[in-house]
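Remarks on the overall topology
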Amino acid sequence: MKILIWVIVAIVLIGGLAWFLSSDSTYEEQETSQNTGQELEGGEIIDTEENLITEIDNALNNLE
Amino acid sequence: MIKNTFISSIIFMIILSSFALAAGTSTRDSSNNNAVAIPAGTVTTCEDKQELRERIKCRIENKKVAITEKYGSVEEACRGQTDEVKNACEKLYEVSARCYNEADPILKKRCFVQVSGVNIDAKGVFRATPTETKRDYVILLLYDLQERIEKMQEEGKITTDQASSLITKIVEIKRMILAKEQRSEVVVKMNEFKKEYRLVISSKGAQE
């Protein structure tokens, strides 16, 4: 009886840990695919307010 | 002995599950959840103000109300649009929320590009993409500018009046873009904003 309980506890813990780790790695895979799937875009790096405004102007000029 | 083992196992599993729950909720809403201490005033809403600028000023002065209204009411720029545009606008704000937590400007821009679906080449020229994606991209950039102005006000670099006026102009530009107004008219409004912004920044520089 004692061994059975320990086996059940071990299964639950290992299963839980495996699920937790797999969901984390799935998230990382999604992040990686999103990053690599997008071509590195050009234009302004929006690090300052002025560069951001320049990027907005650029984007506005491309509106029809 | 068996009973004790069983009980301690259950307690152990409950403790482990609490970690998993904490990991889920901490990333669910990563916007500004910091409790903002406000004096025990009487302001509970800014929605009762008729003018856009007054509502914006009210929210700047009452951060707690601003946080409540951010989730409980329609985003200012999305108001006054058709239901279809309003829903798309709110959806855009919802899906782009994660971008504004990105500190790295390159990753932030990449996030805007991904969310809007716009396609920009290495020289910064927009490739053929639907006009809607270009509009969405401009709106995301304008919201970033709005957040930066709010931050400048919070840091005491500009006054509440200056911030309210600049943010009002940004919201008006966003509304024009959502309403598909002529680009030339939007550019005129953007030029007005830039003129005022540079005046505010130069006066700030003169004070320092």
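About the thresholds
Residues numbered from 1 in each chain as written. Chains lettered and ligands numbered in written order. Predicted model: local features only at pLDDT ≥ 70, side-chain atom pairs only at ≥ 80, totals over all residues. Helix = DSSP H or I, 4+ residues; strand = E, 2+ residues; numbered from the N terminus. Buried ≥ 20, exposed ≤ 12 C-beta atoms within 10 Å, placed from the backbone. Contact = placed C-beta atoms within 7 Å. Nonpolar A, V, L, I, M, F, W, Y, C, P; charged D, E, K, R; others polar. Expected span 1.5 Å × (residues − 1). Axes fitted to C-alpha atoms, helices over the stretch in contact; angles between N-to-C directions. Parallel < 35°, antiparallel > 145°, perpendicular 65-115°, else oblique. Left-handed = near helix turned anticlockwise from the far one by under 90°. pLDDT = per-residue confidence, 0-100. Core = buried A, V, L, I, M, F, W, Y, C linked by C-beta atoms within 7 Å.

1. A look at the overall build of chain A
Helix and strand counts for chain A stand at two helices and zero strands. Every one of the 64 residues in chain A was classed for burial, and the buried ones make up 14%.

2. Observations regarding the interface of chain A and chain B
Contacts between the two partners involve 27 residues from chain A and, on the opposite side, 35 residues from chain B. Taken together, the elements giving at least two residues each to the side of chain A that touches chain B come down to helix 1 (2-37) and helix 2 (49-61) of chain A. Here the side of chain A that touches chain B takes eight residues from helix 2 of chain A, the largest share from any one element. Of the residues in the side of chain A that touches chain B, the class split is 13 nonpolar, seven polar and seven charged.

3. Remarks on the environment of D136(B)
Residue and element names in this part refer to chain B. One can find D136 in helix 6 (residues 131-154). As for D136 and K174, which are separated by 38 residues in sequence, their C-alpha atoms are 9.5 Å apart. Ignoring sequence-local partners within four residues, the contact set of D136 consists of L92 and S116.

4. Quick look at helix 6 of chain B
For helix 6 of chain B, which comprises 24 residues, the first-to-last C-alpha distance of 35 Å matches the rise-based estimate of 34 Å (1.5 Å per residue) to within 8%. Looking one or two residues past helix 6 of chain B, G156(B) carries a phi angle of roughly 80 degrees, positive in sign.

5. Thoughts on the environment of I53(A)
On the secondary structure map, I53(A) appears in helix 2. Setting aside anything within four residues of it in sequence, one finds I53(A) in contact with L145(B) and K194(B).

6. Some remarks on the packing of helix 2 (residues 52-61) of chain B against helix 7 (residues 160-178) of chain B
Residue and element names in this part refer to chain B. Across the interface, helix 2 lies against helix 7 with an axial gap of 9 Å and an inter-helix angle of 130 degrees. Accordingly, the angle class assigned to the pair helix 2 and helix 7 is oblique. Crossing of helix 2 over helix 7 shows right-handed handedness. On the side of helix 2, the interface is formed by L52, R53, I56, K57, I60 and E61, while helix 7 contributes T160, A163, S164, S165, I167, T168 and V171. Of the residues that constitute the contact of helix 2 with helix 7, the class distribution is six nonpolar, four polar and three charged.

7. Points about the confidence of the model for chain A
Counting all residues, the mean pLDDT for chain A is 75, and 69% of those residues have values of 70 or more. Every residue in residues 31-39 of chain A scores below 50 in pLDDT, and together they form four contacts with partners more than four places removed in sequence or on other chains.

8. Examining the nonpolar core
In this structure, I56(A), V138(B), L141(B), L142(B), L145(B), L166(B) and I170(B) are the most contacted members of the largest nonpolar core, which totals 41 residues. Mapped by element, the contributors of at least two residues to this core are helix 2 of chain A together with helix 2, helix 4 (83-96), helix 5 (105-116), helix 6, helix 7 and helix 8 (183-207) of chain B. For this core, the element with the most residues is helix 6 of chain B, which contributes nine residues. Residues contacting L145(B), with those up to four places away along its chain left out, are E49(A), L52(A), I53(A), I56(A) and I170(B).

9. Some remarks on the packing of helix 2 of chain A against helix 6 of chain B
Running from N to C, helix 2 of chain A and helix 6 of chain B cross one another at 160 degrees; their axes reach a closest spacing of 10 Å. By the angle class used here, helix 2 of chain A and helix 6 of chain B are roughly antiparallel. The handedness of the crossing between helix 2 of chain A and helix 6 of chain B is left-handed. Side by side, helix 2 of chain A and helix 6 of chain B meet where E49(A), L52(A), I53(A), E55(A), I56(A), A59(A) and L60(A) of the first sit next to K134(B), Y137(B), V138(B), L141(B), L142(B), D144(B), L145(B) and R148(B) of the second. Looking at the contact of helix 2 of chain A with helix 6 of chain B residue by residue, the class counts come to ten nonpolar, no polar and five charged.

10. Examining the environment of K108(B)
Among the structural elements, K108(B) can be located in helix 5. Judged by local crowding, K108(B) falls into the buried class, with 21 C-beta atoms found within 10 Å. Residues contacting K108(B), with those up to four places away along its chain left out, are I46(A), C99(B) and E102(B).

11. Considering the confidence of the model for chain B
All names here are of chain B. Averaged over all residues, the pLDDT of chain B equals 83, while 77% of them reach at least 70. The weakest mean pLDDT in chain B belongs to helix 1 (residues 2-28) at 48; the strongest belongs to helix 7 at 97. The ipTM, which scores confidence in the relative placement of chains, is 0.75 for this predicted complex, and the corresponding pTM is 0.70.

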